[in-house]
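If you want the building blocks of each chain, they are given just below.
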Amino acid sequence: MVAEFFFRLHAEQPILLGLIRCLFVLVAILSLVPPLIWWERRLLSWMQDRIGPNRSGTITFPDNFPVKGLASKKIRTFGLIQPLLDGVKLFLKEDITPNAVDRKIYFIAPALALFPAFALGATLPWGPNYGLYGILTPIADVEIGILYVLAISSLGAYGIVLAGYASNNKYSLMGGLRASAQLISYELAMAMSVACIIMAVGSMKLTQVVAIQEDALWGAVPFLQNWFIFTPFGFIAAIIFLIALIAETNRAPFDLPEAENELIAGYHTEYSSMKFAVFFMGEYAAMFIFSGVFATLFLGGYNILPVNWGWMAENLGWGQGLWRALEGANYWLAPIVFLGKCFAGITFFVWLRATLPRLRYDQLMNLGWKSLLPLSVANFIVVGLWVIMTKMYGVMGGWIAVLAAFGILTVLYLNLVKIARTSPPMEKRTVTLVNPTSERRSVTMVDAKPQETPQA
Amino acid sequence: MTLNQIAFLVMGAAALFGAVGVVFFRSPVRAALSLVINFFVLGLIYFMLGSQMLGISQIMVYAGAIMVLFLFVVMMLRDDGKTDKPQTQEGKFLVGLVASLAIAALTYVAVISPTMNYTGEKFNRIYGTPQSIGTVLFTQYVWPFEVISILLLVGIVGSIMLAKRKF
Amino acid sequence: MLSHLIPLASVFDDVPLGWFLTLSLLMFTLGGLGVMIRRNPVVVFMCIELMLNAVNLSFLSFAAYPSPVVGDPNQAAMSGQMMVIFVMAIAAAEVAVGLGIIMAIFRQKNEVDVDEMSTLRG
């Protein structure tokens, strides 16, 4: 049996098994990137009311085809092999290296961009931590799992920054500078929201994070699971983390480093052929893995539904066989469910790309520093309060404290906003529209509050 | 030669390559890049030494944050490295080389040579986990910790002051 | 529960302390040399960071190899790591301020070269 084989490997050749664990993650990423690209293009074209790639891979059999049923038939694949053909095209294209580039850094940069995307998956558990999956996942169940994710994702800036620098092109350099500023700004909010989760869990092990999320919901509803997105502070942390991770992966609406109408293609303007493909792949792999990180931290990891099947089988008087079967399904389907959550994350990315326009640079910085960072710090304090109150007064005390704290913070925030609104008077501009055919009118443009139109 | 020793030699060579690159690469960007290599490998060496928490902080703080800041500033200064040649031809280089070699030789003889064969007391070296570091940091070292946090605050205020156009 | 966490410390007992210290020494020496021979203040700064990291490495290696002279090995290990944490925090603050100063000088004079910066006037 397969399971016995892996258990024997675990006992006899742990290093070999470690390599196999790496292989699982790498093969998953490498083989899923082309379908992801296809999925994004199809979904985006559907959302933008166009057709998208649907032709390649259609096989038309001739009328005199010997097999009876197939003659003059078309087999459609909905453009599924389009990314494959794109890959072939990129391989066969001429690889242009401009003369003025800093050659060594120019060649290193794509590799540096790809590295974090692959290395990020090392601590993610894609299956339960016992039984067969317990020895297959994660690659390394270290005490510093979440910090590892943050550290490796912070290395993602180098590929982009160095590509921008080495290209010796003003637009590329602008893209690189934008990318580094953006990554530094949003990393803070991301780290603070992750710190909330670390504090609530009391451990940085990602397997532990998932295990805590399998406890009773809010400590009170034992047949449901306590996914962090269902808790008040977890929900806020999830939103902050999601926004920060879109910024970290340079996706729309935060794709300023590669804003095509401002910077041509940003940092990869000068890259062609395979080197461009490597950047492209790195971006998609990073999206994929970051979706996995989000699922692990907030969406209960590999669990299908937030329901504790095991508890139901033990404590409900009826349907034991059904609950046990569902528990088994939850165990064995774990990798597929995890992949499904990653795909859901990617779908969300595509949806955002089709919906939101790109931010301006000052809006990006304001959002990161003035909104997300204070919000995540406030959230962090609330989590600390929750931990202390739960230890002192039990579960109910903790939640009452959290709700009270959120109420106080909201009131404070609203008052602060009122102060900010009232203090500086907005600029008033009067524009006189001259139209010789009709009577003269003048329009006052007031930003703060409407005023009566002055007489002409 | 055991596996661990080979691993250390490989990492040490990479770290040294980075260190040499910082000093002798003409272009500041290359110097910064080799410093990133050095810091990253140092993080791995900290893992070897058993302090996982500090290894990952090394990668996160130095390789991930500080060096990005350095690269950012190097690019803002628009310095292509044409002007900055390591001054290997001048008298300063000779003096520097002799001085640093002298310090290195003295330290080696006085401190390091007795430890070349010392592989340590065998004790349970599980001390690098976040839990153990946090416990000690917030009990025994809480006063220095608070002082450091004030220092960081002063640093933030100071850098904002410096970044303002007029002061 | 099956855990495949390899205790990082237990596999690692046969590299002598001196090797780590030698690496630390070489890094420190190179950093010092760089401070003396480079002219770009940013690179000088990097060399200082290199020296700080060399010191960190030696702190951590002494923490991992407690000598029989010091009392409690756990105490020695923790104090070494604490020093490294404080050095890291100070280095971060130093970089923020130092790079700010370099940028301010660059805005004033449109050039940065430590050999040219010989006046005290802004």
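Residues numbered from 1 in each chain as written. Chains lettered and ligands numbered in written order. Predicted model: local features only at pLDDT ≥ 70, side-chain atom pairs only at ≥ 80, totals over all residues. Heavy atoms only, no water.

1. Observations concerning the overall build of chain B
Phase 1: Counting secondary structure elements, chain B contains six helices and zero strands.
Phase 2: Taken from the N to the C terminus, the helices and strands of chain B come in the order α-α-α-α-α-α.
Phase 3: When each of the 167 residues of chain B is scored for burial, the buried share is 47%.
Phase 4: Intrachain contacts of chain B at a sequence separation of at least 6 include 57% that bridge at least 24 residues.
Phase 5: Element-wise, carbon and sulfur atoms account for 74% of the exposed surface of chain B, whose accessible area totals about 8400 Å². (Helix = DSSP H or I, 4+ residues; strand = E, 2+ residues; numbered from the N terminus. Buried < 20%, exposed > 50% of the residue type's maximum accessible area, 1.4 Å probe, protein only. Contact = heavy atoms within 4.5 Å. Areas by Shrake-Rupley, 256 points an atom, 1.4 Å probe, with all protein chains shown as cover.)

2. Points about the interface of chain B and chain C
Phase 1: Facing the 89 residues of chain B at the interface are 78 residues of chain C.
Phase 2: Applying the counting criterion to the chain B and chain C interface returns five residue pairs in polar contact (both at pLDDT 80 or more).
Phase 3: Going through the elements one at a time, α1 (3-24), α2 (28-48), α3 (52-76), α4 (91-112), α5 (130-139) and α6 (142-163) of chain B are the ones with two or more residues in the side of chain B that touches chain C.
Phase 4: Grouping the constituent residues of the side of chain B that touches chain C by class yields 54 nonpolar, 24 polar and 11 charged. (Polar contact = N/O pair within 3.5 Å; in protein donor to acceptor, adjacent residues only side chain to side chain. Nonpolar A, V, L, I, M, F, W, Y, C, P; charged D, E, K, R; others polar.)

3. Thoughts on empty space enclosed by the protein
Phase 1: Scanning the entire structure with this criterion turns up two cavities of 30 Å³ or more.
Phase 2: One number sums up the size of the largest cavity: a volume of about 280 Å³.
Phase 3: Residue lining of the largest cavity: 20 residues in total, with A113, G156, I160, E248 and A286 of chain A positioned closest to the centre.
Phase 4: Contributions of two or more residues to the lining of the largest cavity are made by α4 (103-119), α6 (145-154), α7 (156-166) and α12 (273-298) of chain A.
Phase 5: Per-element tally for the lining of the largest cavity: the top contributor is α12 of chain A, with five residues.
Phase 6: Looking at the lining of the largest cavity residue by residue, the class counts come to 12 nonpolar, five polar and three charged.
Phase 7: Quantified by volume, the second largest cavity comes out at close to 40 Å³.
Phase 8: Considering the residues around the second largest cavity, the lining is formed by S153, S154, A157, L183, I184 and E187 of chain A together with G64 and V68 of chain B.
Phase 9: Tallying contributions element by element places helix α8 (residues 170-201) of chain A first for the lining of the second largest cavity, with three residues.
Phase 10: Residues that form the lining of the second largest cavity fall into these classes: four nonpolar, three polar and one charged. (1 Å grid on protein atoms, 1.4 Å probe; cavity = no way out; pocket = protein on both sides within 12 Å on 5 of 7 lines; lining within 4 Å. Points joined across faces, edges and corners; volume = space filled by probe spheres on them.)

4. Structural notes on the nonpolar core
Phase 1: Ranked by size, the top nonpolar core spans 187 residues in total, and within it L297 of chain A, I45 of chain B together with M46 of chain C carry the most contacts.
Phase 2: Those residues in contact with I45 of chain B that lie beyond four places of it in its chain are F8, M11 and G12 of chain B together with F20, L23 and L57 of chain C.
Phase 3: If you look at the next biggest cluster of nonpolar residues, it comprises five residues, including V307, W309, A313 and W323 of chain A. (Core = buried A, V, L, I, M, F, W, Y, C linked by side-chain atoms within 4.5 Å.)

5. Concerning the environment of I264 of chain A
Residue and element names in this part refer to chain A.
Phase 1: When you line up the elements, I264 lands in the loop between α11 (260-263) and α12.
Phase 2: In this structure I264 comes out as partly exposed when scored by relative accessible area, which is 46%.
Phase 3: Non-local contacts of I264, meaning those with residues more than four positions away in its chain, are made with Y171, E258, A259 and T269.

6. Structural notes on the confidence of the model for chain C
Residues and elements named next belong to chain C.
Phase 1: In the predicted model, chain C carries a mean pLDDT of 78, and 80% of its residues have values of at least 70.
Phase 2: Summarising per-element confidence for chain C, the mean pLDDT is lowest in helix α3 (residues 73-109) (84) and highest in helix α2 (residues 41-64) (89).
Phase 3: Of the regions scoring below 50 in pLDDT, residues 1-11 engages in 23 contacts with residues more than four places distant in sequence or in other chains. (pLDDT = per-residue confidence, 0-100.)

7. So, the interface of chain A and chain B
Interface size is often expressed as the accessible area that is lost when the parts come together.
Phase 1: Every contact between the two is made by 25 residues of chain A and, on the other side, 23 residues of chain B.
Phase 2: Of the roughly 2300 Å² buried where chain A meets chain B, counting both sides, 79% is carbon and sulfur surface.
Phase 3: By the criterion of area lost to chain B, the three top residues of chain A are I144, Y158 and Y165 of chain A, representing 26% of everything that side buries.
Phase 4: Counting across the chain A and chain B interface gives zero salt bridges.
Phase 5: Of all the secondary-structure elements, those providing two or more residues to the side of chain A that touches chain B are α4, α6, α7 and α8 of chain A. (Buried area = accessible area lost by both parts, 1.4 Å probe. Salt bridge = Lys/Arg side-chain N within 4 Å of Asp/Glu carboxyl O.)

8. A few points about unusual backbone geometry
Residue and element names in this part refer to chain A.
Phase 1: Although it is not a glycine, D49 adopts a positive phi angle of roughly 60°.
Phase 2: Its location among the elements puts D49 in the loop between α2 (14-47) and β1 (59-60).
Phase 3: On the accessibility criterion, D49 (71% relative accessible area) is exposed.
Phase 4: Phi angles above zero are rare outside glycine, and N250 is one such case at about 55°.

9. Quick word on helix α9 (residues 206-213) of chain A
Residues and elements named next belong to chain A.
Phase 1: The set of residues buried in α9 consists of L206, T207, V209, V210 and Q213. What you see down the axis of α9 is that its buried residues fit within an arc of 160°, all on one side.
Phase 2: Those residues of α9 that are buried lie in contact with α6, α8, β4 (221-225) and α12. (Arc of directions from axis to C-beta.)

10. Notes on the packing of α4 of chain A against α12 of chain A
Residue and element names in this part refer to chain A.
Phase 1: Following both chains from N to C, one finds α4 and α12 inclined at 20°, their axes separated by 8 Å at the closest point. Between α4 and α12, the crossing angle belongs to the class labelled roughly parallel. You can see that α4 and α12 cross each other, and the crossing is left-handed. Facing α4, whose interface residues are Y106, F107, A109, P110, A113, L114, A117 and F118, α12 presents K275, V278, F279, M281, G282, A285, A286 and I289.
Phase 2: In terms of residue class, the contact of α4 with α12 is made up of 14 nonpolar, one polar and one charged. (Axes fitted to C-alpha atoms, helices over the stretch in contact; angles between N-to-C directions. Parallel < 35°, antiparallel > 145°, perpendicular 65-115°, else oblique. Left-handed = near helix turned anticlockwise from the far one by under 90°.)

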